[in-house]
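Examination of the molecular architecture
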Amino acid sequence: MSYHLNHLKELEAESIFIMREVAAQFERPVLMFSGGKDSILMVHLAMKAFYPARIPFPLLHIDTGHNFPETIEYRDNLVKRLGAKLIVGSVQEAIDTGKVVEEKGYNASRNYLQTTVLLEALEEGKYDAALGGGRRDEEKARAKERFFSHRDEFGQWDPKNQRPELWNLFNGNKHFGEHFRVFPISNWTELDVWQYLAMEKVELPSLYFAHKRRVFERDGILLADSEYIPKKPEEETAVKEMMVRCRTIGDTTCTGVWESEASTIEEIIQEVAVARKTERGGRADDKRSETAMEDRKKQGYF
């Protein structure tokens, strides 16, 4: 137990150091917040990094309009409790104003539309650094990121042209109009996150714990029955109630749920420790192509 405690404290110290570097090097940082466990961890670390002062940057949520209701409820309660500033970029508003075109069909998702809304929000706020909860163990494209990940004046990422990071020295120099994405928890694993949240007794959305929900299966993924997901005739009759939980939280249309009985963090830790499938293995948006995530990240997605 002491080994794990030391390990988690080392990860915590590294992440806090990076957050303080961001506050020192950049004029207008913002913290990306989705309501998922990684962004909740980021907020908790930011609180510790700058205590007793408040978090010195706002939270930015790109709202698809297709979120789980539990996610929005948790987000609003957290912001109220912290007295933090929340900025919301609306995908629905971008659709209504003709900035983006909504996908049609059974597999339609608003996830790809988030990129335009995100880049617009960063430009409007003149944010020069956006902190995110991406981890290298999540997905192969995210494994290519640096802690300080440069984006050009169009918000795009070039994975083949990144700056070296040696001896904990982070280069935040940039030209006008460019910005950085910063990933303080890059070296954390899914298991690390859960063990730390348990150690710190951090409150989490109910979606992460086993609960009864109406679901149906599509392409080997369990999806929550939702008004936002058009179902095929055979899927309409296949909807059933199961005990499930989320391992990752995103748009309801592409976030798979997992059959589970884990109702406490300790039970989740045991489940994650023996899992043979990654947490993003249930994300339908990652399965559109072999390079789906990297393609989105090059265009400006987080």
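Note: the structure precedes this text.
Description of the structure in this document. (Residues numbered from 1 in each chain as written. Predicted model: local features only at pLDDT ≥ 70, side-chain atom pairs only at ≥ 80, totals over all residues. Heavy atoms only, no water.)

**Section: the layout of surface pockets**
Roughly 430 Å³ of internal volume is contained in the largest pocket. Taken together, 16 residues form the lining of the largest pocket, with E123, K126, Y127, G177 and E178 sitting closest to its centre. Per-element tally for the lining of the largest pocket: the top contributor is helix α5 (residues 114-124), with three residues. Residues that form the lining of the largest pocket fall into these classes: five nonpolar, three polar and eight charged. (1 Å grid on protein atoms, 1.4 Å probe; cavity = no way out; pocket = protein on both sides within 12 Å on 5 of 7 lines; lining within 4 Å. Points joined across faces, edges and corners; volume = space filled by probe spheres on them. Helix = DSSP H or I, 4+ residues; strand = E, 2+ residues; numbered from the N terminus. Nonpolar A, V, L, I, M, F, W, Y, C, P; charged D, E, K, R; others polar.)

**Thoughts on the packing of aromatic side chains**
Taken as a whole and judged by the stated rule, the model has nine aromatic pairs. Note on F50 and F57: the rings are 5.8 Å apart at their centroids and 90° apart in plane angle, and the pair reads as edge-to-face. Both residues of the pair, F50 and F57, count as buried. With centroids separated by 5.4 Å and ring planes inclined at 80°, the aromatic side chains of W194 and Y208 adopt a geometry described as edge-to-face. Note that W194 is positioned in helix α6 (residues 190-200) and Y208 in the loop between α6 and β7 (211-218), a separation of 14 residues in sequence. We classify Y208 as buried; its relative accessible area is 1%. Here a set of aromatic residues connected by ring pairs shows up, and it is made of F17, F26, F147, F148, F170 and F180. (Phe/Tyr/Trp six-rings, centres within 6.5 Å; stacked < 30°, edge-to-face > 60°. Buried < 20%, exposed > 50% of the residue type's maximum accessible area, 1.4 Å probe, protein only.)

**Here we look at the sheet that holds strand β8 (residues 221-224)**
The pairing of strands in a sheet comes from backbone hydrogen bonds and takes either a parallel or an antiparallel form. On the basis of which strands lie adjacent, the closed barrel formed by four strands has the order β7-β8-β10-β9 and antiparallel pairing. Averaged over all pairs of adjacent strands, the angle between strand axes in this sheet comes to 70°, irrespective of strand direction. Taken together, the five bridges between β7 and strand β9 (residues 240-245) define a ladder with antiparallel strand orientation. Directly across from H211, in β9, lies its bridge partner V244. (Pairing = 2+ DSSP bridges. Axes fitted to C-alpha atoms, helices over the stretch in contact; angles between N-to-C directions.)

**What about the nonpolar core?**
Soluble globular proteins tend to bury their nonpolar side chains together. Core analysis: the biggest nonpolar cluster contains 56 residues, and F148 and W194 have the highest contact counts within it. Once you skip the residues sitting within four places of it in the chain, F148 turns out to touch I18, E21, V22, Q25, F26, E165, F170, N171, G172, F180, R181 and V182. If you look at the next biggest cluster of nonpolar residues, it comprises 15 residues, including L60, A121, L122 and Y127. (Core = buried A, V, L, I, M, F, W, Y, C linked by side-chain atoms within 4.5 Å. Contact = heavy atoms within 4.5 Å.)

**A closer look at the pattern of salt bridges**
Enumeration over the complete set of coordinates arrives at 16 salt bridges. One salt bridge connects R245 with E271, and the closest N-O pair in it is separated by 2.8 Å. Residue R245 is located in strand β9, and its partner E271 is located in helix α8 (residues 265-274); the two are separated by 26 residues in the primary sequence. A relative accessible area of 0% places R245 in the buried class. (Salt bridge = Lys/Arg side-chain N within 4 Å of Asp/Glu carboxyl O.)

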